[in-house]
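Residues per chain, in single letters:
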Amino acid sequence: MDKDQTYMMRAIELAKQGEGLTRPNPPVGAVLVLDDQIIAEGWHKKAGSDHAERACLKKLPPMPVNLKDATLYVTLEPCSTHGKTPPCTDIILEKGVGRVVVSVVDLNPAHAGRGLTILEDAGVEVRSGVCEEAGRELIAPFEKRITTGLPFVTLKLASTLDGKIADCNGDSKWITGPEARERVQDMRRRADAIMVGAATVRADDPSLLPRPSGGRKPWRVIVGTHIPEGSRVRTDEFANQTLVRSGDLRIILKELAEKQGVMHVFCEGGGKLAAGLIGAGLVDELALFMAPKLLGSDGLPNFGKNGALMAEMTNLRFQSLERVGKDILIKAIPED
């Protein structure tokens, strides 16, 4: 790994601190390096606040610093237009940064490459595409929303080894161990909305909030009807963050993207909703926690689809396999 890659991975690490906080903007990180030393860092903390580049450059000491030989590492191309904040290209030029390294070029066709061109025309040395795979993974939800109008959907299921998410009475506490449940909290913190089926609310009365929240307030989306009036999602202090929806899943997701600015939906089942999302081609990745337990044939399945033939199977491609406590986390994506 060369120096540019090392510093870019640090910028990506910083950007991840903003996941779940920046909607509808992407998480972005920035690192300023001079003489092989990091002299300032920043990340985008929430929509309307300073972008990563500005947050980083504003941390410079008050005494003048010649940045002609400095490099600014940014996970996404600096913006060049006025929005809620001024263009980042302006402050880069104002501070006299001599070199800018970018992971991913702006995905908006109207802006793609414009910021880099402005910098190059002003004499700044520019390099793009550094750690691009990691950079694109970071902003995959933003990319999905801006290119398709739909949020990125992660489907999480926790099941026994024989594919059951609850027993015959609907009891699911606890199939997986504490380490897996803690990982789920981290996944919730990265999302803009937590989605479950109405049956899950009726059975478990979950809060669907990350613990600890880290300042995050994701939307809670309940798909279905007959939500008990006394359920936590209707009565707790974040009740105004609860949306109850029914009908076409694609329309529900599109409205979340358009009206609530949601980029990343973290769906926690149950089996019927999982089958509906997969069947409609709306799932971007699966996170399947499997516990080394067997429940039996009358347990509730993690994939509630009936009557499928071999020719109609949903095919997945494994991305990773990781041990989490006593459980296994399998990440997979649907095959095209």
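Refer to the structure printed above.
Bear in mind that the values here come from a model prediction, so they are computed numbers and not experimental data.

1. Overview of the overall build of the protein
- On a plain count of helices and strands, the protein comes out with 11 helices and 15 strands.
- The C-alpha atoms of the protein give 22 Å as radius of gyration, which agrees with the globular expectation for 336 residues (20 Å, within 12%).
- Reported as C-alpha extents along the three principal axes, the dimensions of the protein are approximately 70 × 40 × 35 Å.
- Within the span of the protein, comprising 336 residues, buried residues form 51% of the whole.
- Counted over contacts in the protein with a minimum sequence separation of 6, partners at least 24 positions apart contribute 71%.

2. What about the side chain of Thr-242?
- In this fold, Thr-242 is placed in strand E10 (residues 242-245).
- At 3.1 Å, the side chain of Thr-242 and the side chain of Arg-220 are in polar contact.
- When residues no more than four places from it in sequence are discounted, the contact partners of Thr-242 are Arg-220, Ile-222 and Val-233.

3. Remarks on the pattern of salt bridges
- Summed over all chains, the structure comprises 19 salt bridges.
- Of the charged contacts, one joins Asp-36 and Lys-3 as a salt bridge, the two residues approaching to 2.9 Å between their closest N and O atoms. With Asp-36 in the loop between strand E1 (29-34) and strand E2 (37-43) and Lys-3 in helix H1 (residues 3-15), this residue pair connects regions lying 33 residues apart in the sequence.
- A salt bridge links Asp-4 to Arg-127; its shortest N-O distance comes to 2.7 Å. You can see Asp-4 sitting in helix H1 and its partner Arg-127 sitting in strand E5 (residues 125-128), a full 123 residues away along the chain.
- The exposure class of Arg-127 is partly exposed, given its relative accessible area of 34%.
- Shared partners join several salt bridges into a network, and the residues in it are Asp-2, Asp-4, Arg-99, Glu-125 and Arg-127.

4. With respect to the sheet that holds strand E4 (residues 99-104)
- With mixed pairing, 5 strands are arranged side by side in an open sheet as E2-E1-E3-E4-E5. A single partner strand is all that each edge strand has here, and the edge strands are E2 and E5. On average, adjacent strands in this sheet sit at an angle of 15° to one another, irrespective of strand direction.
- Sheet strands in contact with helix H4 (residues 114-121) are E4 and E5, and its direction is about 155° off that of E5.

5. Structural notes on the nonpolar core
- If you look at the biggest cluster of nonpolar residues, it comprises 30 residues, and the most contacted ones within it are Leu-32, Leu-57, Leu-72, Ile-92, Val-97, Val-100 and Ile-139.
- Elements with a contribution of two residues or more to this core: E1, helix H2 (52-57), strand E3 (71-76), helix H3 (88-95), E4 and H4.
- Look past the residues within four positions of Ile-139 in its chain and what remains in contact with it is Pro-26, Pro-27, Leu-76, Val-104 and Leu-107.
- Counting residues in hydrophobic clusters, the runner-up holds 27 residues, among them Ala-193, Val-221, Leu-273 and Leu-282.

6. Let's talk about helix H11 (residues 271-279)
- Taken together, the buried positions of H11 are Gly-271, Leu-273, Ala-274, Ala-275, Leu-277 and Ile-278.
- Gly-281 sits one or two positions beyond H11 and adopts a positive phi of about 70°.

7. Digging into the packing of aromatic side chains
- A complete count under the given rule lists 1 aromatic pair for this structure.
- Residues Tyr-7 and Tyr-73 carry aromatic rings whose centres are separated by 5.4 Å and whose planes lie at 40° to one another, so their mutual orientation is tilted. With a gap of 66 residues between them, Tyr-7 in helix H1 and Tyr-73 in strand E3 connect regions that are remote in the sequence.
- The exposure class assigned to Tyr-73 is buried, which follows from its relative accessible area of 3%.
- The ring of Trp-174 carries Arg-181 above its face, with NZ or CZ at 4.4 Å from the centroid.

8. Section: H3
- Inspection of H3 places Cys-88, Thr-89, Ile-91 and Ile-92 among the buried residues, and these make up the whole buried set. All buried residues of H3 lie within an arc of 165° about the axis, which places them on one face of the element.
- Where H3 is buried, its residues touch H2, E3, E4 and H4.
- Trailing H3 by a residue or two, Gly-96 shows a phi angle of about 75°, which is positive.

9. Here's the deal with the pairing of E1
- Across the 6 residues that make up E1, a large majority, 6, are buried.
- Side chains of E1 alternate between two faces, with Gly-29, Val-31 and Val-33 and Ala-30, Leu-32 and Leu-34 buried alike.
- Examined bridge by bridge, E1 and E2 share 6 bridges and lie antiparallel to one another. Counterpart to Leu-34 in the pairing with E2 is Gln-37.
- From the end of E1 to the start of E2, which pair antiparallel, there are 2 residues, and Asp-35 there has a positive phi angle of about 55°.
- Strand direction decides the pairing type here: E1 and E3, joined by 4 bridges, are antiparallel. In the sheet register, Ala-30 faces E3, and the bridge partner there is Val-74.

10. Remarks on the state of the cysteines
- Applying the stated criterion across every chain, the model contains 0 disulfides.
- In this model Cys-79 remains outside any disulfide bridge; the closest cysteine sulfur is found in Cys-88, 3.6 Å from its own.
- Judged by relative accessible area, Cys-79 falls into the buried class, the value being 17%.

What counts as what
Per chain, the residues get numbers from 1 upward, laid out in the order the sequence is written. Thresholds applied to this predicted model are a pLDDT of at least 70 for local features of residues and 80 or more for the giving and counting of side-chain atom pairs; totals over whole chains, interfaces and linings are not thresholded and use all residues. Derived side-chain values reflect all non-hydrogen atoms in the structure, with water molecules and hydrogen atoms excluded from consideration. The secondary structure listing takes helices from DSSP runs of H or I that are at least 4 residues long and strands from runs of E that are at least 2 residues long, numbered from the N terminus. Radius of gyration: over C-alpha atoms. The globule rule applied is 2.2 Å multiplied by the number of residues raised to the 0.38 power. Under the scheme applied here, a residue whose accessible area is under 20% of the maximum for its type counts as buried, over 50% as exposed, and between as partly exposed, the area being computed with a 1.4 Å probe on protein chains only. Only heavy atoms matter for contacts: two residues are in contact if any of them lie within 4.5 Å across the pair. Polar contacts, as used here, are pairs of N or O atoms within 3.5 Å; protein pairs need one atom able to donate a hydrogen and one able to accept it. Residues neighboring in sequence count only if both atoms are side-chain atoms. Whenever Lys or Arg places a side-chain nitrogen within 4 Å of a carboxyl oxygen from Asp or Glu, that contact is recorded as a salt bridge. A pair of strands is treated as paired once DSSP finds two or more bridges between them. A fitted line through C-alpha atoms represents every axis, and for helices the fit uses only the stretch in contact; the resulting angles, taken between N-to-C directions, go from 0 to 180 degrees. Note on terminology: a nonpolar core comprises buried Ala, Val, Leu, Ile, Met, Phe, Trp, Tyr and Cys residues joined through side-chain atoms within 4.5 Å. Only rings of Phe, Tyr and Trp enter the pairing, Trp through its six-membered ring, and a pair is recorded when the two centres are within 6.5 Å. The plane angle decides the type: under 30 degrees is stacked, over 60 is edge-to-face, the rest tilted. Here, over-ring charges are defined by two tests on the NZ atom of lysine or the CZ atom of arginine: distance to the ring centre within 6 Å, and angle to the ring normal within 35 degrees. Here the arc refers to the set of directions running from the helix axis out to each C-beta atom. Disulfides are defined as cysteine sulfur pairs within 2.5 Å.

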